[in-house]
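Next come the chains, spelled out residue by residue.
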Amino acid sequence: MADKRNIFLIGPMGAGKSTIGRQLASALHLEFFDSDTEIERRTGADISWVFELEGEEGFRDREEKMISELTEHNGIVLATGGGSILSKENRSKLAARGVVVYLQTNIDKQVARTQRDKRRPLIANADNPREVLENLAEERDPLYEEIADIVIQTNEQSAKVVANEIIEKLGL
């Protein structure tokens, strides 16, 4: 990438942002970051523990600071947390500082991809994870759409195929 633009991946949990992001960064020879992983690395605790201790509001504050910092880099691929777009400030920074790729997936795929993952605090202890995911989609999908430059379905495709599709849509 001659001009070293940033590529920001947004979408719901289970859409494949981290996996696809690693593939994309590797293919484009860019540095990869995952906002949740960076929060965990700096706090020395996993996201669910941060949620438990500080609540969602405390986590979202940390997330906002992290996204602000990471989006100041040049020439990166960033996988964001599914709820990062709830912050108007995050949406503004993501939209202004790079190309935003919305990785869409359906609820069935989300359930399948997240059912055994205990590191997702919003569904880890939910009685009905599908219902939680449906409610999150209703709230968040319009926000993803609002800032997306590119929208790509990840339902039945491998991370490599999706990464190549992103590269093609970016004209790289």
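Scroll up for the structure.
A.B. asks: Explanation requested: the nonpolar core in the structure shown.
C.D. replies: In summary, soluble globular proteins display a tendency toward joint burial of nonpolar side chains. Counting residues in each nonpolar core, the largest one holds 22 residues, and the members touching the most others are Ile10, Leu78 and Leu94. Residue contributions to this core peak at seven residues, all from helix H3 (residues 47-70). Beyond its immediate stretch of four places on either side in the chain, Leu78 contacts Ile7, Phe8, Leu9, Phe33, Asp34, Ser35, Leu70, Thr71 and Leu94. Among the nonpolar cores identified, the runner-up in size contains 19 residues, and Ile20, Leu103, Ile150 and Ala163 belong to it.

A.B. asks: Looking at this structure, how should I read the pairing of strand S4 (residues 99-104)?
C.D. replies: Taking burial as the measure, the six residues of S4 include six buried ones, the bulk of the element. Residues Val99, Val101 and Leu103 line one face of S4 and the alternating positions Val100, Tyr102 and Gln104 line the opposite face, and both faces are buried. The sheet contact formed by strand S1 (residues 7-10) and S4 spans four bridges and is parallel. Bridge assignment links Phe8 to a residue of S4, and that residue is Val100. Pairing of S4 with strand S5 (residues 150-153), which is carried by four bridges, proceeds in the parallel orientation. By the bridge assignment for S5, Tyr102 is matched with Val151.

Scoring rules and cut-offs
Residues numbered from 1 in each chain as written. Predicted model: local features only at pLDDT ≥ 70, side-chain atom pairs only at ≥ 80, totals over all residues. Heavy atoms only, no water. Core = buried A, V, L, I, M, F, W, Y, C linked by side-chain atoms within 4.5 Å. Buried < 20%, exposed > 50% of the residue type's maximum accessible area, 1.4 Å probe, protein only. Helix = DSSP H or I, 4+ residues; strand = E, 2+ residues; numbered from the N terminus. Contact = heavy atoms within 4.5 Å. Pairing = 2+ DSSP bridges.

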